[in-house]
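What the coordinates show
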Amino acid sequence: MALKLFKNFGIKKPSKNAMNSWQRHLEIDGERIPVKVTENPRSTRLTLRLVPGGKSLKVTMPPHVDGKQLDDFLERNKNWVAAKRARLPKAVQAGEGATIPFLGVDHRIIHLDRLRGIVEIKEVAGEQCILVPGEPEHIPRKVETFMKKQARLQLNDAVSRYSKVLGVSAKSIRITDTTSRWGSCSTTRTLSFSWRIIMAPPEVLDYLAAHEVAHLREMNHSDRFWNHVRDICPDMELQKSWLRTNGARLHAVELG
Ligand SMILES: [Zn+2]
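Scope of this entry: the structure provided in the associated data block. Just so you know, these numbers come straight off a predicted model, no measurement behind them.

**Some words on the sheet that holds strand E1 (residues 24-28)**
- Across the sheet, 4 strands lie side by side as E1-E2-E4-E3; this open sheet has mixed pairing. The two strands at the open ends of the sheet, each matched to only one other strand, are E1 and strand E3 (47-50). Averaged over all adjacent pairs, the angle separating strand axes in this sheet is 25°, with direction ignored.
- In terms of strand pairing, E1 meets strand E2 (residues 31-39) through 5 bridges, oriented antiparallel. Residue pairing in the sheet places His-25 in a bridge with Pro-34 of E2.
- Contacts from helix H3 (residues 78-86) reach E1, E3 and strand E4 (57-61) within the one sheet, and its direction differs from that of E1 by about 65°.

**Overview of the packing of helix H5 (residues 202-214) against helix H7 (residues 236-251)**
- Between H5 and H7, the shortest axis-to-axis distance is 9 Å and the interhelical angle comes to 105°. Viewed along their axes, H5 and H7 adopt a mutual orientation that is roughly perpendicular. Where H5 abuts H7, its residues Glu-203, Val-204 and Tyr-207 lie against Met-236, Gln-239, Lys-240, Trp-242 and Leu-243.
- Here the residues of the contact of H5 with H7 sort into 5 nonpolar, 1 polar and 2 charged.

**Focus: the sheet that holds strand E11 (residues 183-185)**
- Taking strand neighbours across the sheet as the criterion, the 3 strands line up as E10-E12-E11 in an open arrangement whose pairing is mixed. Each edge of the sheet is formed by a strand with only one pairing partner; in this case those strands are strand E10 (172-176) and E11. Strand-to-strand, the axes of this sheet are offset by a mean angle of 15°, without reference to chain direction.
- The strands touched by helix H4 (residues 139-166) within the sheet are E10 and strand E12 (190-194), with E10 carrying the most contacts at an inclination of about 145°.
- Running at roughly 20° to E11, H5 makes contact with E11 and E12 of the sheet.

**Overview of H4**
- Along its 28 residues, H4 runs 40 Å from first to last C-alpha, staying within 8% of the 40 Å computed at 1.5 Å per residue.
- Positive phi appears at Gly-167, one or two residues downstream of H4, with a value of about 65°.

**Comments concerning the pairing of strand E9 (residues 127-132)**
- Relative to E9, strand E7 (residues 105-111) runs parallel, the two being bridged by 4 bridges. Residue pairing across strands places His-111 opposite Val-132, the latter belonging to E9.
- Pairing analysis gives 5 bridges linking strand E8 (residues 120-124) to E9, with the strands arranged antiparallel. The residue of E9 that forms the bridge with Ile-121 is Ile-130.

**Some points on the nonpolar core**
- The biggest cluster of nonpolar side chains holds 40 residues, and the ones touching the most others in it are Val-143, Val-159, Ile-197, Leu-205, Leu-208, Ala-209 and Ala-210.
- Listed by contribution, the elements that provide at least two residues to this core are E9, H4, E12, H5, helix H6 (223-232) and H7.
- Looking at this core, the element that brings in the most residues is H4, giving 9 residues.
- If near-sequence neighbours (up to four positions away) are discounted, Ala-210 is found in contact with Tyr-162, Val-229, Ile-232 and Cys-233.
- Counting 7 residues, the second largest nonpolar core, distinct from the first, contains Val-37, Val-59, Met-61 and Leu-74.

Analysis parameters
- Residues numbered from 1 in each chain as written.
- Predicted model: local features only at pLDDT ≥ 70, side-chain atom pairs only at ≥ 80, totals over all residues.
- Pairing = 2+ DSSP bridges.
- Helix = DSSP H or I, 4+ residues; strand = E, 2+ residues; numbered from the N terminus.
- Axes fitted to C-alpha atoms, helices over the stretch in contact; angles between N-to-C directions.
- Contact = placed C-beta atoms within 7 Å.
- Parallel < 35°, antiparallel > 145°, perpendicular 65-115°, else oblique.
- Nonpolar A, V, L, I, M, F, W, Y, C, P; charged D, E, K, R; others polar.
- Expected span 1.5 Å × (residues − 1).
- Core = buried A, V, L, I, M, F, W, Y, C linked by C-beta atoms within 7 Å.
- Buried ≥ 20, exposed ≤ 12 C-beta atoms within 10 Å, placed from the backbone.

These figures come from the coordinates and say nothing about function on their own.
Given below as structure tokens:
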């Protein structure tokens, strides 16, 4: 109906390319939070979601909504967003002395006063530590490289184990830093994983790998799909709930 009206008056509805015009910001506690607005022809109402880590917001809106309705909606939900962000774990900078999880165990980052050498995991005075040589300002970047490499090793291993059991094979494995999801499986059989899963306990990483590998059999979340996941990862409910409860903490770690 709305479309017809536009046509009659010769006014064009904003095209897909004009979507940037929907870019918004929400001012919360003196911080400007970017809002990414996506128009979805199938949605019937405005919905708002805080991106894991709390650094941005995603809004989905039906096609008939105008700019003013969008702004009113954001204003109405401001307190909800502020409350939700306040409950998120505080951001942790992966610098000297910081504690970040690795394979489900808290590790303290310790700077080694020597230029050469590799990042290593070691117990120091009864505490699990990540030892980082080199210039102190390079610590976050070095920790990031280390974490991504470990994520790749563990995920390659888990994917190949589960692929054998299910009789499937992935084309490739990508390690990403997407905050919107932990993993995905493309139609070209590429499995993608957030490197952050290396901070979770190994059995949670295993569940995530099992989940994406099972998509190579069933490209959906049907009962058949979940049966495959359960076959190779019997305690999947436990791991799913761990991610739901603790995922935000893994998103709070900031690297280089
Ligand atoms: Zn899935």
